[in-house]
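Chains, contacts and geometry: an overview
Residue strings, one per chain:
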Amino acid sequence: METILSGMKPTGQLHLGNYEGALKNWAALQNNYEMYTCIVDWHALTSEFAETGHLKDNIFQMAVDFLAGGLDPQKCAIFIQSDVKEHAELHLLLSMLTTVPTLTRLPTYNEQKEETGLDSYGFLGYPVLQAADILIYNAHKVPVGKDQEKHIWLAADLAKRFNNYYGKTFNEPQVLLTKFPTIPGLDGRKMSKSLNNHIALADSEEETAKKLKRMFTDPEKLRKGDPGRPEICPVYLLHQIYTPDHENIVAPCQSGELGCVDCKKRLTENLNKALEPIREKRKKLVEKPDFVFDILRDGAGRAREKAQAVMAKVRENMKLAYY
Ligand code: TRP
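Fair warning: this is a prediction, and the values are worked out from it, not measured in the lab. (Residues numbered from 1 in each chain as written. Predicted model: local features only at pLDDT ≥ 70, side-chain atom pairs only at ≥ 80, totals over all residues. Heavy atoms only, no water.)

Some thoughts on the environment of alanine 274
- When you line up the elements, alanine 274 lands in helix H13 (residues 260-286).
- Residue classification places alanine 274 among the partly exposed positions, given a relative accessible area of 37%. (Helix = DSSP H or I, 4+ residues; strand = E, 2+ residues; numbered from the N terminus. Buried < 20%, exposed > 50% of the residue type's maximum accessible area, 1.4 Å probe, protein only.)

This is the structure:
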């Protein structure tokens with residue numbers, strides 16, 4: 001069986017975009033792969049080093065969403081990155097094989113530097129730590145979105161160069177591009193927590209209804225009766241995912257017969273229905289933090305076993321196994 005490593009920064013509660021774009025896919029993959037899912041708290045530190053108090057709750061909320069969203073801890077080791085110290089050791093060794101210009105050329109580096117003003121050593125090394133996350137499990141595949149593709153290529157390149165220097169040690173991991181519709185946020189831009197335009201899996205039915213009420217629609221459709229353009233309407237994009245007979249909305253929206261208020265009501269019903277099982281599970285899990293943290297601890301144990309075996313081989317091949 002091939003191995004998959006997936007990772008996510010602990011941003012707290014997941015939103016619809018995270019669910020449709022990543023989690024749903026991971027839950028499907030766990031049936032066919034040896035799977036490791038890592039909550040990457042060290043990566044979060046690159047931007048949140050000064051304020052770490054919320055990390056634990058963010059990790060907890062994320063673990064709850066992973067479990068409620070369908071990850072099965074029997075099939076998939078769910079764990080916290082900093083629980084497996086081997087990631088840090090491999091990161092250090094890989095950093096010797098990485099040139100600084102390789103890292104400063106990455107678009108993610110330049111964009112985020114611009115956006116956040118970050119310029120720390122740890123921030124520069126972010127993709128090297130990510131490569132360590134992947135290679136320490138000798139992963140074959142990494143499910144990510146397009147924006148992360150170059151980071152996986154870097155990991156594959158490091159694996160190849162390591163193998164050339166020290167003998168075959170790592171698989172060269174491949175990107176498993178997840179094709180998914182971009183989930184629009186309430187303001188029509190891509191759904192994201194930092195834009196605060198998201199619907200969280202943890203939101204109640206009422207909160208969801210309230211949020212959808214203020215969601216952007218076709219700006220030229222101001223009142224019922226005005227002709228609408230479903231093809232540019234973010235609400236219709238969500239209908240395409242959550243409303244089984246969404247084609248039936250097109251004509252009445254275009255003619256003006258269906259107003260945005262009623263259209264959103266329908267979406268609210270369908271979305272709430274789709275999320276109900278996740279929310280039910282979520283409610284139960286939030287009440288049982290010990291149970292959830294035990295799952296993470298157990299996941300880390302299994303991850304560590306594999307990581308230690310790979311690390312032993314790394315040291316041996318690098319001639320660092322001195323005794
Ligand atoms: N950089 C990834 C992101 O921002 C998170 C991540 C860290 C990751 N380590 C990983 C993703 C390893 C895949 C594999 O989404």
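That was the structure; now back to the text.
Let's talk about empty space enclosed by the protein
- A full pass over the atoms with the stated rule returns 2 cavities of 30 Å³ or more.
- In this structure, the largest cavity spans a volume of roughly 100 Å³.
- Around the largest cavity, the lining residues are Thr217, Asp218, Lys221, Pro230, Cys233, Val235, Tyr236, Ile249, Cys253, Leu258, Cys260 and Cys263.
- When contributions to the lining of the largest cavity are tallied by element, the ones reaching two or more residues are helix H11 (234-242), helix H12 (247-255) and H13.
- Each residue belonging to the lining of the largest cavity can be placed in one class, and the counts come to 9 nonpolar, 1 polar and 2 charged.
- Empty space within the second largest cavity amounts to approximately 80 Å³.
- Those elements giving two or more residues to the lining of the second largest cavity turn out to be helix H6 (107-116), helix H7 (121-124) and helix H8 (126-135).
- Looking at the lining of the second largest cavity, its residues break down into 5 nonpolar, 3 polar and no charged. (1 Å grid on protein atoms, 1.4 Å probe; cavity = no way out; pocket = protein on both sides within 12 Å on 5 of 7 lines; lining within 4 Å. Points joined across faces, edges and corners; volume = space filled by probe spheres on them. Nonpolar A, V, L, I, M, F, W, Y, C, P; charged D, E, K, R; others polar.)

Brief notes about the site of the ligand
- Lining the immediate environment of the ligand, one finds Leu5, Gly7, Lys9, Val40, His43, Tyr126, Gln130, Asp133, Ile134, Val142, Val144 and Gln148.
- At 2.8 Å, a side-chain N or O of tyrosine 126 approaches a nitrogen atom of the ligand.
- Within the side chain of glutamine 148, a nitrogen or oxygen atom sits 2.9 Å from a nitrogen atom of the ligand.
- Protein contact buries 88% of the 360 Å² of open area that the ligand shows by itself.
- Elements represented by at least two residues in the shell around the ligand include exactly strand E1 (3-8), H8 and strand E4 (141-144).
- Of the residues that constitute the shell around the ligand, the class distribution is 6 nonpolar, 4 polar and 2 charged. (Near = heavy atom within 4 Å. Polar contact = N/O pair within 3.5 Å; in protein donor to acceptor, adjacent residues only side chain to side chain. Areas by Shrake-Rupley, 256 points an atom, 1.4 Å probe, with all protein chains shown as cover.)

What to know about the packing of helix H3 (residues 55-68) against helix H14 (residues 289-317)
- Interhelical geometry of H3 versus H14 gives an angle of 85° and a closest axis separation of 10 Å. With respect to H14, the element H3 is oriented roughly perpendicular. Residues Lys56, Ile59, Phe60, Ala63, Val64 and Leu67 of H3 touch H14, and the partners they reach there are Pro289, Val292, Phe293, Ile295 and Leu296.
- Split by residue class, the contact of H3 with H14 holds 10 nonpolar, no polar and 1 charged. (Axes fitted to C-alpha atoms, helices over the stretch in contact; angles between N-to-C directions. Parallel < 35°, antiparallel > 145°, perpendicular 65-115°, else oblique. Contact = heavy atoms within 4.5 Å.)

Considerations on the state of the cysteines
- In total, this model carries 0 disulfides according to the counting rule given.
- In this structure cysteine 38 is a free cysteine whose sulfur lies 11 Å from that of cysteine 76, the closest cysteine sulfur available.
- Exposure remark for cysteine 38: the relative accessible area of 0% places this residue in the buried category.
- The closest cysteine sulfur to the non-disulfide-bonded cysteine 260 is located on cysteine 233, 6.2 Å from its own sulfur. (Disulfide = S-S within 2.5 Å.)

Examining the layout of surface pockets
- In this structure, the second largest pocket occupies an estimated 270 Å³ of space.
- His91, Leu92, Ser95, Thr98, Val100, Leu103, Tyr121, Gly122, Leu124, Gly125 and Val128 are the residues that line the second largest pocket.
- Contributing elements (two or more residues each) for the lining of the second largest pocket: helix H4 (86-95), helix H5 (100-104) and H7.
- For the lining of the second largest pocket, a count of residues per class yields 6 nonpolar, 5 polar and no charged.

Comments concerning unusual backbone geometry
- In this structure, asparagine 138 takes a positive phi of about 50° despite not being glycine.
- Counting through the fold element by element, asparagine 138 comes out in the loop between H8 and E4.
- Although it is not a glycine, asparagine 196 adopts a positive phi angle of roughly 55°.
- With respect to the helices and strands, asparagine 196 occurs in the loop between strand E5 (174-177) and helix H10 (205-213).
- Relative accessible area serves as the criterion here: at 58%, asparagine 196 is assigned to the exposed category.

Interpretation in functional terms is not warranted from these geometric data alone.
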